[in-house]
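# Close look at the chain arrangement
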Amino acid sequence: MAATLNGFNPVPSWQHTPKVTVDSGSGALNAATGVLLGPGEAAEGLSPDALASAGFKGQLGQTLVLPRAEGPPVILTGLGENAGTKEIRDAAAAFALAARGHSDLALNLPAGDAQAAVEGVLLARYDYSPLKKSSGTVELHSLTLRVRGEQAELDAKRGTAFASATALARDLANAPPSRLTAARMAECAAEIAGATGLQIEVFDKEALIELGCGGLLGVNAGSADPPRMIRLRYKPEGSEKHLILVGKGVMYDSGGIALKPADAVHATMKNDMSGAGAILAAMSMLSELDCPLAVTGYLMCTDNMPSGTALKMGDVISIHGGKTVEVVNTDAEGRLVMADALVMAVEEKPDAIVDIATLTGACLRTLGPEVAGLLGNNSSLMRQIETAAMATDEPVWQLPLDHRYRDQLDSDIADLKNMGGINAGSITAALFLEEFVGKVPWAHLDIAGTAQNDVASLWRTKGCTGFGARLLLELALTFQGQRS
Ligand code: BES
Ligand code: MN
Ligand code: ZN
């Protein structure tokens, strides 16, 4: 029998991380072995000319499979010219894909960048298959890194943690919406928090009424499934700085009464909780990596459904803290659920707030599926996010938070309305969020485009990408507050 909806466990990758080891010796011959090399380099006793005549020129991602007399092959993998961290991650992924028939891999590495190599291999071999009788893919069991240097062990551990975070974020977003409801998300978060040293508080409908979280409650009004606000805390001893992460956890976005058309974009709306998933995933690795910073995560979880009890166009809701919002479009629901949490976050007086949300189709139109939108009120914080984005190859691009568009959110009957005009939708959405962050340094990541991939390329597998998990983890590990 198929898994029942409620008993479904959407987090298999979190439970089955491949075994990653560092081995400076000659290592296992029973593993398919990758050798990374640039243009003009010789390998395995073959000159650059000999390799070139076999069609291998060392270009980034190019592979040449060399059979051995016995056992699995050696796979030469091109690094291209002047390879850096990004190229090592990409090349490691190309190797893992060329070795897709093998479950035990080894990779010879130049010193440094073991982290990126582990990420490339593990993420390229990610597969979401708990709902298939047989996945048709060979699961990765082990990766042995042949690399020298004292840093290697730590880098490999970081790579494993970063890749596991992304795998968890992918699992959560790939999980079908009737299986991963807001209540089930809270159960998963509790299980993960318990296993990874996080504190968790779950706020149910009653608690949300008590807190006056009219944004989350309003969006949930049409739903048969109750909402959950999930608060995760990581507080290491002696921490001085405090970062708060706020994630959109719309488990499924039908548009509500403003029902979306039954098109291909609507069919991806189970991923509308990708921001919340990225935060849960990133936070699950903070303790493992000894993050010195205190981090709090708010996951704002509900689905957005049409029904006789749903929010209507023209309704006015009241956000935690009392600001009122006229709902002129029930499909602009993400900003409503985020607003409650932003106000809750401000009350804690953190050093910074970063929110992450699949917020606007306009962001997908503007930046496409590879680059996330970045907006905010604090350039130092945004520069730190850009640095983390470069390091993880989860690209972001800043859009202007231009207040000339702010009056588009003026309402005749409430403090604000939840939508501006048809143009600059990503900017007016961010201007809406800004109304709730006061003077706290704040940045907003719009991942509407990057949450989903239609075509696989290297370590970016097809389907839900888990974008943001590694970026946020890197940010937490490198965050410098304002007061330093
Ligand atoms: N979840 C969507 C944003 C989205 C759209 C993500 C397409 C990925 C692909 C969001 O809730 C939404 O529906 N936004 C509306 C806002 C509009 C009504 C102001 C949109 O983008 O159309
Ligand atoms: Mn919507
Ligand atoms: Zn949405």
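Each chain has its residues counted from 1, running along the sequence as written. Lettering of chains starts at A and numbering of ligands starts at 1, both following the order in which they are written. Only residues with pLDDT of at least 70 get local features here, since the model is predicted, and only at 80 or more are side-chain atom pairs given and counted; chain-wide, interface and lining totals rely on the full set of residues. Only heavy atoms go into the side-chain values, all of them from the structure, while hydrogens and water stay out.

Here we come to the pattern of salt bridges. We define a salt bridge as a side-chain nitrogen of Lys or Arg found within 4 Å of a carboxyl oxygen belonging to Asp or Glu. Scanning the model with the defined rule gives 20 salt bridges in all. For Glu-474, the salt bridge goes to Arg-158, with nearest N and O atoms at 3.4 Å. Here Glu-474 is found in helix H14 (residues 469-478), whereas its partner Arg-158 is found in helix H5 (residues 152-174), with 316 residues between them in sequence. Linking Glu-348 and Arg-231 is a salt bridge whose minimum nitrogen-to-oxygen distance equals 3.9 Å. One end of the pair, Glu-348, is in the loop between helix H10 (334-347) and strand S13 (352-357); the other, Arg-231, is in strand S8 (residues 228-234), with 117 residues separating them in the sequence. Per-residue accessibility, obtained with a 1.4 Å probe over protein chains only, is compared with the maximum for each type, and a residue is labelled buried under 20%, exposed over 50%, and partly exposed between these values. Arg-231 gets classed as buried once you look at its relative accessible area, which sits at 11%. One salt-bridge network, in which partners are shared between bridges, spans Arg-89, Glu-119, Glu-394 and Arg-470. Helix and strand assignments follow DSSP, with helices taken as H or I runs no shorter than four residues and strands as E runs no shorter than two, numbered in order from the N terminus.

This brings us to the pairing of S8. Counting buried residues in S8 gives six out of seven residues, a clear majority hidden from the surface. Any two strands are treated as partners once DSSP identifies two or more bridges connecting them. With five bridges connecting them, strand S7 (residues 199-203) and S8 associate as antiparallel partners. Following the sheet pairing, Phe-203 is matched in S8 by Met-229. Alignment of S8 against strand S10 (residues 294-304), held across seven bridges, turns out to be antiparallel.

This brings us to the domain arrangement of the protein chain. Segmenting the protein chain into domains produces domain 1 (19-166) and domain 2 (178-478). Each of domain 1 and domain 2 has a C-alpha centre, and the two are 35 Å apart. Taken together, the 20 residues of domain 1 in the interface contact 20 residues of domain 2. Summed over both partners, the accessible area lost on bringing two parts together, with a 1.4 Å probe, is the buried area. Together domain 1 and domain 2 conceal approximately 1,700 Å² of surface at their shared face, both sides included; 65% is due to carbon and sulfur atoms. Counting across the interface, domain 1 meets domain 2 through two salt bridges. A salt bridge links Glu-119 to Arg-470; the nearest nitrogen and oxygen atoms lie 2.7 Å apart. Between N or O atoms, a polar contact is any pair within 3.5 Å; within protein, one atom must be a potential hydrogen donor and the other a potential acceptor, and residues adjacent in sequence are included only when both atoms are from side chains. Applying the counting criterion to the domain 1 and domain 2 interface returns six residue pairs in polar contact (both at pLDDT 80 or more). Those elements giving two or more residues to the side of domain 1 that touches domain 2 turn out to be helix H3 (85-98), helix H4 (114-124) and H5. Classes in brief: Ala, Val, Leu, Ile, Met, Phe, Trp, Tyr, Cys and Pro nonpolar; Asp, Glu, Lys and Arg charged; the others, Gly included, polar. Tallied by class, residues from the side of domain 1 that touches domain 2 come to ten nonpolar, four polar and six charged. Where each domain starts and ends comes from a domain assignment, either automatic or drawn from a database. Contacts between residues were defined by any pair of non-hydrogen atoms, one from each residue, lying within 4.5 Å.

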